[in-house]
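Residue strings, one per chain:
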Amino acid sequence: MNQLITQLEEHKTEIASFVVNNKEELESFRIKYLGTKGLLKSIMGEMKNVPVEQKKDAGQLLNEFKVFVETFYAELSSKIEDASGSSENKIDISLPGQPLPLGSRHPISIVHNKIVSIFQRLGFSVAEGPEIEDDWHNFTALNLPENHPARDMQDTFYISQNPDWLLRTHTSSVQIREMEKKQLPLRIICPGRVYRNETISARAHCFFNQVEGLYIAENVSFADLKQTLYFFVKEMFGEDVKVRFRPSYFPFTEPSAEMDISCLICSGKGCSVCKRTGWVEILGCGMVHPSVLDNCGIDSTKYTGFAFGMGIERITMLTYQVKDLRLFSENDVRFLKQFTQA
Ligand code: DAH
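Computed from a predicted model, the values in this text were never measured in an experiment.

Can you help me understand the overall build of the protein chain in this one?
Scanning the protein chain from terminus to terminus reveals 12 helices and nine strands. In summary, the protein chain has a C-alpha radius of gyration of 40 Å against a globular reference of 20 Å for 342 residues, an excess of more than 25%. Taken over the C-alpha atoms alone, the protein chain extends approximately 115 × 50 × 40 Å along its principal axes. Within the protein chain, the proportion of its 342 residues that are buried is 41%. By sequence separation, contacts in the protein chain at least 24 residues apart represent 67% of the contacts at least 6 residues apart. Carbon and sulfur atoms make up 52% of the accessible area of the protein chain, which totals about 19,400 Å².

As structure tokens, this is what we get:
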């Protein structure tokens, strides 16, 4: 037993003085002490010659020795690893970084956000309503009773489970929902998706986005409407854009108008986008019809208001000179990644 102790101590001193300078020398150490034919294995092999009554103590000593050799080997390896700077723990800072693909905002969202922020600066707040609407909010309350011929202007998707339900054809339905709350004065814009049963083409789609505007208070006039929209156009398209109003008809406004801007593509000279007229229509508007106010329980002898509605796709097409509306919903990344503006 004592002999074993001295033997192990000697080995320990020898091992502790071992120095390795490279991987090869490290490997020689491993083979010499820990390999299948190494020192540890051969000492372990001698356990069979140890008398039974000493086996327990000898086993314990050998085990301690084994832990000593293995720990020493682990220390030697980590020294070599550090010195050689293996790929796991050495970073080459001159390497180019991994590209991190950045998404870009959808052009419709960019323009939507810009429209919203322009009107917010004028004191309008954002209101939203459901895309599945009932007949009252989408049509009847807006002065479009059943069988009114103007309902044909907007080919509608109805919902088969309930004849009263439909996919809203315009965001004017949100006007009604907000007016019904009767918190006046009311100054809101209502952005959102709308649906129409239209054949899909470069200029029309069965779903698109609108922004509705509404201002109800005492003494609101058509002049207020014009000033609001002039401000919008200048902020959206710049100082040089010209604006004109044409008389029009909408059942929910009286008088009604449509607003055109000078064509941004040809600066009013005439091109295919403006159909050689130099003007492009961007929205419908007017003074809220007294019957619409009455339908919502607002006193039309006291309050007046203006409303307008525009298609976000149309504004986006003009802003970025996109000629085909279908591109907005096809999700082609080559198209979408071109829009990097925040
Ligand atoms: N709702 C109309 C449409 O979808 C747009 C519109 C026109 C909205 C005139 C208005 C308005 O508020 O006053 O075509």
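Anyway, onward from the coordinates.
Explain the side chain of Glu212 here, please?
Relative to the assigned elements, Glu212 resides in strand E5 (residues 207-217). Here Glu212 is buried and forms no salt bridge, its nearest opposite-charge partner Arg196 lying at an N-O distance of 8.2 Å. Side chain to side chain, Glu212 and Thr171 meet in a polar contact 3.4 Å long. Residues contacting Glu212, with those up to four places away along its chain left out, are Thr171, Ser172, Gln175, Ile188, Ile189, Cys190, Phe308 and Gly309.

Even after reading the chapter, I still don't get the site of the ligand, so can you show me in this structure?
Taken together, 16 residues lie near the ligand, and His170, Ser172, Arg196, Gln210 and Glu212 sit nearest. With respect to the ligand, the side chain of Arg196 contributes an N or O atom lying 2.8 Å from an oxygen atom. Contact between the ligand and Phe308: an oxygen atom at 3.4 Å from a main-chain N or O atom of the residue. Of all the secondary-structure elements, those providing two or more residues to the shell around the ligand are helix H7 (172-179), E5, strand E8 (279-288) and strand E9 (304-311).

What should I look at first to understand the sheet that holds E9 in this one?
What holds strands together in a sheet is hydrogen bonding between their backbones, with the strands either parallel or antiparallel. In space, the seven strands of this open sheet follow the order E1-E4-E5-E9-E8-E7-E6, with mixed pairing throughout. With partners counted over all chains shown, the strands left at the sheet margins are strand E1 (125-126) and strand E6 (243-250), one partner each. Here strand E4 (residues 186-195) pairs with E5 via 10 bridges, running antiparallel. Within E5, the position partnered with Arg187 by the bridge is Tyr215. Running at roughly 165° to E4, helix H5 (residues 107-121) makes contact with E1, E4, E5 and E9 of the sheet. On the sheet, H7 packs against E4, E5 and E9 and is oriented at approximately 35° with respect to E5.

Any chance you could explain the side chain of Ser172 here in plain terms?
Summarising the element assignment, Ser172 is placed in helix H7. With residues up to four places along the chain from it excluded, the contact list for Ser172 reads Leu142, Glu212 and Phe252.

Where do I start with the domain arrangement of the protein chain in this structure?
Think of interface size as the accessible area that goes away when the parts come together; that is how it is often given. Once the domains are mapped, the protein chain shows domain 1 (2-89) and domain 2 (107-339). For domain 1 versus domain 2, the distance between C-alpha centres works out to 83 Å.

Criteria and cut-off values
Residues numbered from 1 in each chain as written. Predicted model: local features only at pLDDT ≥ 70, side-chain atom pairs only at ≥ 80, totals over all residues. Heavy atoms only, no water. Helix = DSSP H or I, 4+ residues; strand = E, 2+ residues; numbered from the N terminus. Rg over C-alpha atoms; globule rule 2.2 N^0.38 Å. Buried < 20%, exposed > 50% of the residue type's maximum accessible area, 1.4 Å probe, protein only. Contact = heavy atoms within 4.5 Å. Areas by Shrake-Rupley, 256 points an atom, 1.4 Å probe, with all protein chains shown as cover. Lys, Arg positive; Asp, Glu negative; His and termini not counted. Salt bridge = Lys/Arg side-chain N within 4 Å of Asp/Glu carboxyl O. Polar contact = N/O pair within 3.5 Å; in protein donor to acceptor, adjacent residues only side chain to side chain. Near = heavy atom within 4 Å. Pairing = 2+ DSSP bridges. Axes fitted to C-alpha atoms, helices over the stretch in contact; angles between N-to-C directions. Domains from an automatic or database assignment.

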